[in-house]
Amino acid sequence: MLDIEQIKEIIPHRDPFLLIDEIVELEPGQKVVALKHLSCDEDWFRGHFPQNPVQPGVLMIEMLAQAGAVCVLSLPENKGKIAYFAGIDKARFKRKVLPGETLRLQVEIIKSRGFIGVGKAVAYVGDDKAVSAEITFALSE
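The residue numbers shown here count from 1 along each chain, following its written sequence. At least 70 in pLDDT is required for a residue's local features to be given in this predicted model, at least 80 for side-chain atom pairs to be given and counted, and no such filter applies to totals for whole chains, interfaces and linings, which use all residues. Water and hydrogen atoms were dropped before computing side-chain values, which therefore reflect all heavy atoms in the structure.

### Examining the sheet that holds strand β6 (residues 128–140)
The six strands are arranged β1-β2-β4-β5-β6-β3 in an open sheet whose pairing can be described as antiparallel. The strands lining the two open edges of the sheet, one partner per strand, are β1 (22–27) and β3 (82–93). Ignoring which end each strand starts from, the neighbouring axes of this sheet average 20° apart. For two strands to be treated as a pair, DSSP must find at least two bridges joining them. Helix and strand assignments follow DSSP, with helices taken as H or I runs no shorter than four residues and strands as E runs no shorter than two, numbered in order from the N terminus. Bridging between strand β5 (residues 116–125) and β6 involves ten bridges; their strand directions are antiparallel. Counted as the bridge partner of A123 is V131 from β6. Between two residues, a contact is recorded if the distance between any of their heavy atoms is within 4.5 Å. Fitting a line to C-alpha atoms yields each axis, with helices limited to the stretch in contact; the angle taken between N-to-C directions then spans 0 to 180 degrees. Where helix α2 (residues 57–73) meets the sheet, it contacts β1, β2 (31–37), β3, β4 (102–113), β5 and β6, and its direction lies at approximately 135° from that of β3.

### Topic: the pairing of β5
For each residue, the accessible area found with a 1.4 Å probe, counting protein chains only, is set against the maximum for its type, and the residue is called buried under 20%, exposed over 50%, and partly exposed in between. Among the ten residues that make up β5, eight are buried, leaving the element largely enclosed by the rest of the structure. Across nine bridges, β4 lies against β5 in antiparallel orientation. Paired with L105 across the two strands is A123, which belongs to β5. What sits between β4 and β5 in their antiparallel hairpin is a turn of two residues, with G114 showing a positive phi close to 65°. Connecting β5 to the next strand, β6, in antiparallel fashion are two residues, including G126 with a positive phi near 60°.

### Brief notes about the side chain of Q66
Relative to the helices and strands, Q66 is located in helix α2. The definition of a polar contact used here is a pair of N or O atoms within 3.5 Å, where within protein one atom must be able to donate a hydrogen and the other to accept one, and adjacent residues in sequence count solely through side-chain atom pairs. Among the polar contacts listed, one links the side chain of Q66 to the backbone oxygen of F17, at a separation of 2.8 Å. Residues in contact with Q66, not counting those within four places in the same chain, are I11, H13, F17, L18, L19 and I20.

### With respect to the nonpolar core
What is meant by a nonpolar core is a set of buried Ala, Val, Leu, Ile, Met, Phe, Trp, Tyr and Cys residues, joined one to another through side-chain atoms within 4.5 Å. With 41 residues, the main nonpolar core has I11, I20, I23, L103 and L105 as its most contacted residues. Of all the elements in the fold, those that place two or more residues in this core are β1, β2, α2, β4, β5 and β6. No other element matches α2, which puts twelve residues into this core. Setting aside residues no more than four positions away along its own chain, I11 makes contact with L18, I20, Q66, A69, V70 and L73.

Below, the structure written as structure tokens:
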């Protein structure tokens, strides 16, 4: 639905910190499904961990946040704004994620009032839940 160039028109993240590859489903302001294809060449795998590379949990949370940012910033009234982290709650890591796997990042906006909102965020590898969290964001100019 949205490729990397279209994502860059919505959120300000850029290489090396743009951590989503494509949007496959989008209901602006409501929900989003994004994909991140984890290649063996991701820079963080060199140090996390050299003999047994594993996707860092904090980066999976960031991937979910970037997907959520696409969701809220795709609303016309939020064009040009930035979505900042305001909180991470109930984060749970359920399985190791490895190089070569694809993360399916799903975020549903469950609360939104003014410039603050909350998303229910879940990342999957296939049908297996890898991580879940509630992410709070604050919109700013």
